[in-house]
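Inside the fold
Spelled out from the first residue to the last, the chains are:
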Amino acid sequence: MEKRTGTVKNIVSERGFGFIKDQEKDYFFHFSKMVDPEKFKQLEVGDKVEFNISQDKSNREVAIDIKEI
């Protein structure tokens, strides 16, 4: 699985999720899918991240294994 890079587009900290934008599209992510979930509180819009893509229960592509770079 090839790592992708992108930028944090939006964060809804009180609900624990956000969106990452790469060159292709936006991907939903949940803080529990971060390599270190405690770092979610430190993420800010515009931060650069590495991530992988997976599919959720509804077959939507979502970001997993998210790590700030």
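Read on for a plain summary of the structure. Everything quoted here is computed from the prediction, not taken from an experiment. Along each chain, the written sequence defines residue order, and numbers are assigned to residues from 1. Local features are withheld for residues below a pLDDT of 70 in this predicted model, meaning they are given only at 70 or higher, and side-chain atom pairs are given and counted only at 80 or more; totals for whole chains, interfaces and linings count all residues. As a rule here, side-chain values cover all heavy atoms of the structure and leave hydrogens and water aside.

One requirement defines pairing of two strands: DSSP has to find at least two bridges between them. What counts as a helix is a DSSP run of H or I of at least four residues, what counts as a strand is a run of E of at least two, and both are numbered from the N terminus. The pairing of strand β1 (residues 4-12) with strand β4 (residues 48-55) spans four bridges and is classified as antiparallel. Opposite G6, over in β4, you have V49 as the bridge partner. Where β4 and strand β5 (residues 61-68) come together, six bridges link them in antiparallel fashion. Within β5, the residue paired with S54 across the bridge is V62. Counting the residues that bridge the hairpin from β4 to β5 gives five residues, and of these N59 lies at a positive phi of roughly 65 degrees.

At N59, a residue that is not glycine, the phi angle is positive and equals roughly 65 degrees. Mapping N59 onto the fold places it in the loop between β4 and β5. Its identity is not glycine, yet D65 carries a phi of approximately 50 degrees, on the positive side. Mapped onto the fold, D65 is located in strand β5. Only protein chains enter the calculation, and the probe is 1.4 Å; a residue is then buried if its accessible area is under 20% of its type maximum, exposed if over 50%, and partly exposed in between. Judged by its relative accessible area of 32%, D65 falls in the partly exposed class.

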